[in-house]
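# Observations on the model geometry
What follows is each chain in one-letter form.
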Amino acid sequence: MKTTLSVAKLDKTFGAVVEGLKLSNLSESQPKEIYKLWLEHSLLIFPNQNLTKDEQVKFAKLFGQMEFDITPISNVKKDGSIRDPVDDDIVKSLRGNMEWHHDSTYMPIQAKGSVFTAHQVPPEGGETGWADMTAAYEALDPKMKEKIKDLCAYHSYSYSQAKYRHKPQEESEFSGYGFDVDPKPFRPLVKTHPETGKKSLLIGRHAFGIPGMEKAESKAFLDELNDFACQGDRVYHHSWAPGDAVIWDNRNLMHQACPWDLSKARIMYHSRIQGDVSSESGLNYL
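Presented here is a report on the structure given in the accompanying data block. For clarity, every value in this text was computed on a predicted model and none was experimentally measured. Along every chain, residues carry numbers that run from 1 in the direction the sequence is written. Reporting in this predicted model follows two pLDDT cut-offs: at least 70 for local features of residues, and 80 or more for side-chain atom pairs to be given and counted; totals over whole chains, interfaces and linings ignore these cut-offs and use all residues. Water and hydrogen atoms were dropped before computing side-chain values, which therefore reflect all heavy atoms in the structure.

### As for the sheet that holds strand β6 (residues 128-132)
For sheets, the rule is that strands pair by backbone hydrogen bonds, running either parallel or antiparallel. Cut-off, in case you're wondering: Pairing between two strands is assigned when DSSP locates at least 2 bridges connecting them. A helix here means a DSSP run of H or I that spans at least four residues, while a strand means a run of E at least two residues long, and both kinds are numbered starting from the N terminus. For helices, the fitted line uses only the C-alpha atoms of the stretch in contact; every axis is such a line through C-alpha atoms, and the angle between N-to-C directions lies from 0 to 180 degrees.
Spatially, three strands are ordered β12-β6-β14 in an open sheet, and the strand pairing comes out antiparallel. In this open sheet, the two strands that pair with only one neighbour each are β12 (235-238) and β14 (253-257). Strand-to-strand twist in this sheet, taken as the mean axis angle between neighbours without regard to direction, amounts to 20 degrees. The pairing of β6 with β14 spans five bridges and is classified as antiparallel. Directly across from Ala131, in β14, lies its bridge partner Met254.

### What to know about the layout of surface pockets
How we decide: Of the grid points, spaced at 1 Å and generated over the protein atoms alone, those admitting a 1.4 Å probe that cannot get out make up cavities, while open sets with protein on both sides within 12 Å along at least five of seven lines make up pockets; any residue with an atom within 4 Å of a point is treated as lining. Grid points are joined across faces, edges and corners, and a volume is the space filled by probe spheres set on the points.
One number sums up the size of the largest pocket: a volume of about 830 Å³. The wall of the largest pocket is formed by 34 residues, among which Thr71, Pro72, Ile73, Ser93 and Phe174 lie closest to the centre. Listed by contribution, the elements that provide at least two residues to the lining of the largest pocket are β4 (66-74), α3 (89-96), β14 and β15 (267-273). No other element matches β4, which puts five residues into the lining of the largest pocket.

### Examining the side chain of Lys191
The cut-off we apply is this: Three labels apply to residues, based on accessible area from a 1.4 Å probe with only protein chains included: buried if under 20% of the type maximum, exposed if over 50%, partly exposed otherwise in between. Contacts described as polar in this section are N or O atom pairs within 3.5 Å, which, within protein, must combine one atom able to donate a hydrogen with one able to accept it, while residues neighboring in sequence count only if both atoms come from side chains.
Its location among the elements puts Lys191 in strand β9 (residues 190-192). By relative accessible area, Lys191 is classed as buried at 6%. Side chain to side chain, Lys191 and Glu280 meet in a polar contact 2.7 Å long.

### A few points about the sheet that holds strand β13 (residues 245-249)
Here is the rule: Here a residue-residue contact requires only that any non-hydrogen atoms of the pair lie within 4.5 Å.
Pairing is mixed in the open sheet, where seven strands are placed in the order β1-β2-β3-β13-β5-β15-β4. Two strands lie at the open edges of the sheet, namely β1 (6-9) and β4, each paired on one side alone. Taking the axes of each pair of neighbouring strands and ignoring which way they run, one obtains an average angle of 20 degrees across the sheet. Bridging between β1 and strand β2 (residues 16-19) involves four bridges; their strand directions are antiparallel. Paired with Ser6 across the strands is Glu19, a residue of β2. Seen against the sheet, helix α2 (residues 53-60) touches β3 (43-46), β4, β5 (113-120), β13 and β15 and runs at an angle of roughly 30 degrees to β15.

What follows is the structure, encoded as structure tokens:
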């Protein structure tokens, strides 16, 4: 029996809730339909999917090659115990994720998008937020658009995690993914989406060191852009239910995790889709 998609737009500048299908059992035509919706809305939310890890990876691969197939984003160890809320390196990465960012801007190739699923969520808190950088760019006044049109910044995971005293260590469970990238990718503050042609801001917590500005000036300027961008109807925070799945376009959305009581379990799974070399490489990696 053919199912009919239900697409309900969020009351935001982006995003939609999609129902009426099972991501684990798509028809031949549905992947193209979903991809088109993804480009249109940037964030698609699929309630009550309950994907297995293999099903999640299979779905993510419909959107491109994988940067990595799947990894837990969780404060729970393999043995079921809760991680130390302060000194555990995995938790330090979780704390960093609570700041606005794009995925993998600190890698030579920025991620195209990500699939995220909820397996266990805390009683309160732990939402995920997204912010529309296309709408943010369009809302800038002409003077600011002119100022930033040729500006670039470096992106670094070691920079963004330094405030959490998070450094790569051989004995750590944290893989060090992104810590050892050298040179640091150099990216424009204004990005053109390779499929829609729309301009958006490319900023977030990994960005630093705009050439021609002193260190403090660069940080203050990037903070100003981040604060302006991530507000109003350009922002949506999703309250998770176990079984929810989402996919977002990392090329024009930033995201963040919201705080929660780190003595409570939160188990999510993340699949990251590799960006195209021609459009997502750092300028110093082209």
